[in-house]
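A structural walkthrough
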Amino acid sequence: MSNRMWGGRFGSGPAEIMQEINASIDFDKRLADQDIRGSLAHAEMLVATGILSAEDGVAIRTGLETVRGEIERGDFSFSRDLEDIHMNVESRLRDLIGPAAGRLHTARSRNDQVATDMKLWTRDAVDALDGQFADLQLALAEKAAAFADAVMPGFTHLQSAQPVTFGHHLLAYVEMLGRDRGRFADARRRLNECPLGAAALAGTSFPIDRRRTAAALGFDRPTANSLDSVSDRDFVLEALAAAAIAAVHLSRFAEEVVLWTTPQFAFVRLSDAFTTGSSIMPQKRNPDAAELVRGKTGRILGALQGLLVVLKGLPLAYGKDMQEDKEGAFDALHTLSLCIAATAGMVRDMEPDCDAMRRWAGAGYATATDLADWLVRVLGLPFRDAHHVTGRLVGAASARAVGLEELTLAEMQAVEPRISPEVFSVLGVDASVRSRTSEGGTAPEQVRRQANLWLERLREGSRASGGAGGLA
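Residues numbered from 1 in each chain as written. Predicted model: local features only at pLDDT ≥ 70, side-chain atom pairs only at ≥ 80, totals over all residues. Heavy atoms only, no water.

1. Considering helix α7 (residues 110-146)
For clarity, the cut-off: By the criteria applied, helices consist of DSSP H or I runs no shorter than four residues and strands consist of E runs no shorter than two, each listed in order from the N terminus. One fewer than the residue count of a helix, multiplied by 1.5 Å, yields its expected span. Partly exposed residues are those whose accessible area sits between 20% and 50% of the maximum for their type, while under 20% is buried and over 50% is exposed, using a 1.4 Å probe and protein chains only. Distance and chemistry together define a polar contact, namely a pair of N or O atoms within 3.5 Å, with one atom able to donate a hydrogen and the other to accept it when in protein, and with adjacent residues in sequence counting only for side-chain atoms on both sides.
Under the 1.5 Å per step criterion, the end-to-end length of α7 is 54 Å for 37 residues, consistent within 8% with the ideal 54 Å. The buried fraction of α7 is high, at 29 of 37 residues. Measuring from the side-chain oxygen of the N-cap residue of α7 to the backbone nitrogen of N111 gives 2.9 Å; that N-cap residue is S109.

2. Some words on the pairing of strand β2 (residues 159-165)
Just so we agree on the cut-off: One bridge is not enough; two strands pair if DSSP finds at least two bridges between them.
The sheet contact formed by strand β1 (residues 151-156) and β2 spans six bridges and is antiparallel. Counted as the bridge partner of V151 is T165 from β2.

3. With respect to the nonpolar core
Our working definition: Put simply, buried Ala, Val, Leu, Ile, Met, Phe, Trp, Tyr and Cys residues joined by side-chain atoms within 4.5 Å make one nonpolar core. Every residue pair with non-hydrogen atoms within 4.5 Å of one another is taken to be in contact.
Membership of the largest hydrophobic core comes to 92 residues, with the highest contact counts inside it found for L140, F166, F184, F253 and L336. When sequence neighbours within four positions are dropped, the list of residues in contact with L336 reads L129, F133, F184, A243, A246, A247, L250 and I300. The next biggest cluster of nonpolar side chains, apart from the first, holds 20 residues, and it includes A368, A372, V402 and L404.

4. Notes on unusual backbone geometry
Here the amide bond leading from L316 into A317 is cis, since omega sits at 10°, within 30 degrees of zero. A positive phi is found at A266, a non-glycine position, where the angle reads about 55°. Checked against the element boundaries, A266 lands in the loop between α11 (234-260) and β5 (268-269). Its identity as a non-glycine residue notwithstanding, A401 has a phi of 60°, on the positive side. With respect to the helices, strands and loops of the structure, A401 is situated in the loop between α16 (383-400) and α17 (409-415).

5. A look at the pattern of salt bridges
Opposite charge on two side chains lets them pair, provided their charged atoms get close. Here is the rule: Salt bridge criterion: a side-chain nitrogen from Lys or Arg within 4 Å of a carboxyl oxygen from Asp or Glu.
Applying the stated rule across the entire model yields 32 salt bridges. The salt bridge involving D56 is made with R103; its shortest N-O contact spans 3.0 Å. Of this pair, D56 sits in helix α4 (residues 54-73) while R103 sits in helix α6 (residues 100-103), and the two are 47 residues apart along the sequence. Overall, D56 belongs to the buried group, its relative accessible area being 13%. A salt bridge links R221 to E193, with the shortest nitrogen-to-oxygen separation between them at 3.2 Å. Of this pair, R221 sits in strand β4 (residues 221-222) while E193 sits in strand β3 (residues 193-194), and the two are 28 residues apart along the sequence. The network of salt bridges with shared partners includes D33, R37, R61, E65, R68 and D124.

Here is the structure:
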């Protein structure tokens with residue numbers, strides 16, 4: 001049997017395999033709320049412009065609210081024979097109110113309908129993610145403020161470089177997440193144009209009011225070109241690109257948690273809430289939450305790449321290929337939401353071992369740069385000469401297998417005679433971090449200042465928005 005919603009042109013039904021590849025209801029039912037919101041706005045506009053009678057408008061609104069309630073309660077029966085969420089909703093609406101349901105589709109197509117639904121869903125997802133990002137930033141900033149003085153090794157090439165503080169390290173991720181939020185905000189601003197009224201691809205001859213529909217759905221304006229309106233999936237790509245970058249940031253942090261919780265580092269401890277054991281090795285405490293955040297990043301990156309490949313060769317306007325924009329986006333943004341929540345939980349759960357971090361903060365001659373800076377600042381050596389002198393002193397200390405602070409003054413003066421006992425004041429890790437007072441530096445006073453600025457900003461933002469939510 002042909003599809004009663006669109007099958008007048010066809011004398012028989014599709015092949016079984018055609019139904020299997022064509023139906024999208026298994027995943028696009030997630031758009032039910034957005035689809036009903038769009039239909040309510042469209043029906044209200046049709047009534048306001050005189051295209052639809054007030055009586056039909058009331059029937060459609062009542063019917064759509066009934067359908068919404070059935071879906072929310074789990075009483076709605078989704079049919080694969082009806083292909084997608086749009087036809088499922090319209091078919092049930094016809095059962096409820098009769099022929100008036102068929103008038104709802106006046107002056108629109110599934111092409112502009114699905115573009116609108118997907119924009120609404122993406123916008124909702126971006127808003128939910130922003131709240132979660134803010135909560136993760138808050139967790140990091142709170143921990144940074146609490147450990148603004150905790151000295152730890154800073155690394156380049158995963159080799160000890162210079163001492164920093166644990167709070168300073170965590171604030172680096174607060175900054176990254178702030179840029180992630182900015183990327184999503186930019187994506188949201190660009191997507192916030194309404195495709196409804198573009199119809200199949202060329203617009204409509206009905207005297208519709210697209211600005212009224214756009215305003216009712218919270219869009220800034222209607223889209224400007226009907227061809228672009230139905231074929232645009234840039235907004236999904238941009239959201240996925242922002243998600244991919246954010247996921248990489250979360251993965252980098254997760255990798256550090258994995259390293260920090262090893263006995264070899266032992267910088268932080270995670271409780272049973274975010275670790276698991278081994279089926280054979282009873283001593284194990286595995287940082288599985290961090291490993292899963294790291295691993296799930298691949299799914300998010302893959303969704304972006306997948307959609308880029310789908311869209312790269314499509315001529316204007318709509319092609320059924322575009323149905324492939326949904327599953328990847330749904331999975332990627334849900335996965336990102338899960339990863340943010342898990343990361344926030346780990347941050348609040350972790351207990352830094354300040355003694356362990358301090359023990360390693362000076363390893364690998366991490367205060368060598370402080371020594372070079374002292375030679376420049378006090379003795380007036382050019383930095384390149386100071387770098388050379390410091391390198392020789394590091395070599396002398398390494399030959400004796402001692403730290404720089406354990407060299408005698410005589411050993412130092414054998415390399416540079418003008419070195420005075422004052423030099424030992426800069427060779428400790430605490431003195432090193434305290435000296436880094438430049439804006440954005442690791443000095444505890446700077447860390448506290450930056451942490452407090454973020455806390456004030458985030459707490460004010462949370463009060464304004466009502467707190468963080470999650471992405472279902």
